[in-house]
Amino acid sequence: MSEVKLTASVRTTFGKGAARQLRRAAQVPAVLYGHGSDPIHLALPTHETGMALRTPNVLLSLDIEGKGSELAIPKAVQRDAVKGFLEHIDLLLVKRGEKVTVEVPVVAEGELAAGGNLLEHVLNTLSVEAEATHLPESFTVSVEGLEAGASVLAQDIVLPAGVTLVTEGDAVVLQVLAAQAEEPAAEGETEAAEGAEA
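Thresholds, definitions, all that
Residues numbered from 1 in each chain as written. Predicted model: local features only at pLDDT ≥ 70, side-chain atom pairs only at ≥ 80, totals over all residues. Heavy atoms only, no water. Helix = DSSP H or I, 4+ residues; strand = E, 2+ residues; numbered from the N terminus. Buried < 20%, exposed > 50% of the residue type's maximum accessible area, 1.4 Å probe, protein only. Contact = heavy atoms within 4.5 Å. Areas by Shrake-Rupley, 256 points an atom, 1.4 Å probe, with all protein chains shown as cover. Polar contact = N/O pair within 3.5 Å; in protein donor to acceptor, adjacent residues only side chain to side chain. Lys, Arg positive; Asp, Glu negative; His and termini not counted. Salt bridge = Lys/Arg side-chain N within 4 Å of Asp/Glu carboxyl O. Pairing = 2+ DSSP bridges. pLDDT = per-residue confidence, 0-100.

Here we come to the overall build of the protein. Scanning the protein from N- to C-terminus turns up three helices and 13 strands. Per-residue burial for the protein yields a buried fraction of 33% across its 198 residues. Considering only contacts in the protein between residues 6 or more positions apart, those separated by 24 or more positions represent 64%. A total of about 11700 Å² of accessible surface is found on the protein, and carbon and sulfur atoms cover 51% of it.

Okay, here's the thing in structure tokens:
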């Protein structure tokens, strides 16, 4: 996984008013924490940060006011419920070689067996432990030819080397549901309905 470099500045003002001022200046408030150090309040460039966050579990290389870079991964991202813009980001400080637990999206590919069956995503992500600088972006699962009643468990998903499953192995991730056929109305009900309309 490649690192995304972002220039960060240290925030000295706090509260809703200060956060609004930052957002007007095309910056997003963030907090960097981890490794037992005091949290550092940062301001990040909104556009570049938003682009970086399109990659799940992106590794960020933060240049904090030219004092050297720190590696971090996004832990919590708050967006405006209506407009979707970034409101606040919690970042977790990581070091090369360190193992971290992250949520990784599960992507299904392939066609189900014929018959109008439906694929239900019971879990959209898997919780895994991996080296901070080699976090998987997603797990692709083939559902090719699966019949109604079939399911894919967490332990069935092949993980890359160095990645350990944290989610329970017997947890259902995907399942195939039979198509629901509409039951024809009973004859008596149809006649009664027609009589009521007349």
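A few words now on the environment of Glu103. Locating Glu103 in the fold gives a position in strand 7 (residues 99-109). Glu103 gets classed as partly exposed once you look at its relative accessible area, which sits at 43%. Put simply, Glu103 and Asn57 are 46 residues apart on the chain and 7.9 Å apart in space, counted from C-alpha to C-alpha. A polar contact of 2.7 Å, which involves the side chain of Glu103, links it to the side chain of Thr125.

As for its position among the elements, Glu131 is in strand 9 (residues 125-131). One buried charged residue, Glu131, forms no salt bridge at all, with the nearest opposite charge on Arg96 at 6.9 Å. A distance of 2.5 Å separates the side chain of Glu131 from the backbone nitrogen of Gly97, its partner in a polar contact. Looking at Glu131, its side chain comes within polar contact range of the side chain of Thr133, at 2.6 Å. Filtering out sequence-adjacent residues up to four positions away, Glu131 remains in contact with Lys95, Arg96, Gly97, Glu98 and Lys99.

What follows is about the sheet that holds strand 9. Taken in spatial order, the four strands line up as 10-7-9-12 in an open sheet, and their pairing is mixed. What marks the edges here is a single partner per strand, and that holds for strand 10 (139-142) and strand 12 (164-165).

Glancing now at the confidence of the model for the protein. Of all residues in the protein, 90% attain a pLDDT of 70 or more, and the chain-wide mean is 83. Across the protein, the element-wise mean pLDDT spans from 51 in helix 3 (residues 187-197) up to 94 in strand 12.

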